[in-house]
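Given next are the chains, with one letter for each unit.
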Amino acid sequence: MIKIIIATSNPHKIEEMNKINTNKNIVFDVVKGDFNPDENGTTFIENAAIKAKEAAKIMQTYCLADDSGLCVDALEGNPGIHSARYADTQKEKIEKLLNELKMVPYDYRTAHFTCAMVLVDKNGNEIHKEEGKVFGYIDDLPKGTNGFGYDPIFFIPEYEKTIAELPEEIKNEISHRSNALRPMIKWIEENLL
């Protein structure tokens, strides 16, 4: 059995990752103590590495961090790495994004969520990286109550629903976090267990 610390203070993220992880020999736990890394990287991978290394300093064990965000093609990939800091509240983030896309026709509202994950050892050395994406469109109005973040406006054409309208099981099958975490778990199984 192996315990891996998830470098986040977001309880939704831990909950989601534990639901995606089906291997009972891998246990995800939250970072304890004063964890407030300065996410000053220029890419999702850089920010994930910053968080993982900071957590390893505190916890002295394997630490996994992810950095994720929404990349909208019509906005040149923004909000991107600034997704979490795009506005003060989640409601304001969605309003700001929809306002910026007001004049953009639906066919040009393509977007994707990206999730970059970095696993470090107890000394903060990077030992594995993964990246996952999910593709869709930005809807006109928020719909649905499942999920968090930008999920209510991220429309998945195959399901004809926003991520926030999908049942949790489907979201955990197709999400960017799932698409990064599943291969990460496979690597952990093959290399650390």
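Residues numbered from 1 in each chain as written. Predicted model: local features only at pLDDT ≥ 70, side-chain atom pairs only at ≥ 80, totals over all residues. Heavy atoms only, no water.

Draft legend 1. Focus on the nonpolar core. Ranked by internal contacts, the top residues of the largest apolar core, which has 19 residues, are Leu 70, Val 72, Leu 97, Ile 138, Tyr 150 and Phe 154. With 3 residues, helix 3 (residues 90–100) is the largest single contributor of residues to this core. For Tyr 150, the contacting residues outside a window of four places in its chain are Leu 70, Pro 79, Ser 83, Tyr 86, Gln 90, Lys 93, Ile 94, Leu 97 and Phe 113. Residues Ile 6, Met 17, Ile 26 and Cys 115 belong to the second largest nonpolar core, which totals 18 residues. (Core = buried A, V, L, I, M, F, W, Y, C linked by side-chain atoms within 4.5 Å. Buried < 20%, exposed > 50% of the residue type's maximum accessible area, 1.4 Å probe, protein only. Helix = DSSP H or I, 4+ residues; strand = E, 2+ residues; numbered from the N terminus. Contact = heavy atoms within 4.5 Å.)

Draft legend 2. Structural detail: the pairing of strand 3 (residues 63–72). When you tally the buried positions in strand 3, you get 9 out of 10 residues, the bulk of the element. Where strand 1 (residues 2–6) lies against strand 3, 2 bridges are found, and the strand directions are parallel. By the bridge assignment for strand 3, Ile 5 is matched with Cys 63. Bridging between strand 3 and strand 5 (residues 110–120) involves 10 bridges; their strand directions are antiparallel. Paired with Leu 64 across the bridge in strand 5 is Leu 119. Pairing of strand 3 with strand 4 (residues 78–79) involves 2 bridges; the strand directions are antiparallel. Paired with Cys 71 across the bridge in strand 4 is Pro 79. Between strand 3 and strand 4, which pair antiparallel in sequence order, lie 5 residues; one of them, Glu 76, sits at a positive phi of approximately 55°. (Pairing = 2+ DSSP bridges.)

Draft legend 3. How the structure looks around unusual backbone geometry. At the junction of Asn 78 and Pro 79, the peptide bond is cis and its omega measures out at 0° in the coordinates. Along the chain, the position of Pro 79 falls in strand 4. Positive phi values are uncommon outside glycine, yet Glu 76 reaches one of about 55°. Positive phi outside glycine occurs at Glu 160, with the angle close to 55°. Counting through the fold element by element, Glu 160 comes out in the loop between strand 7 (154–156) and strand 8 (161–162).

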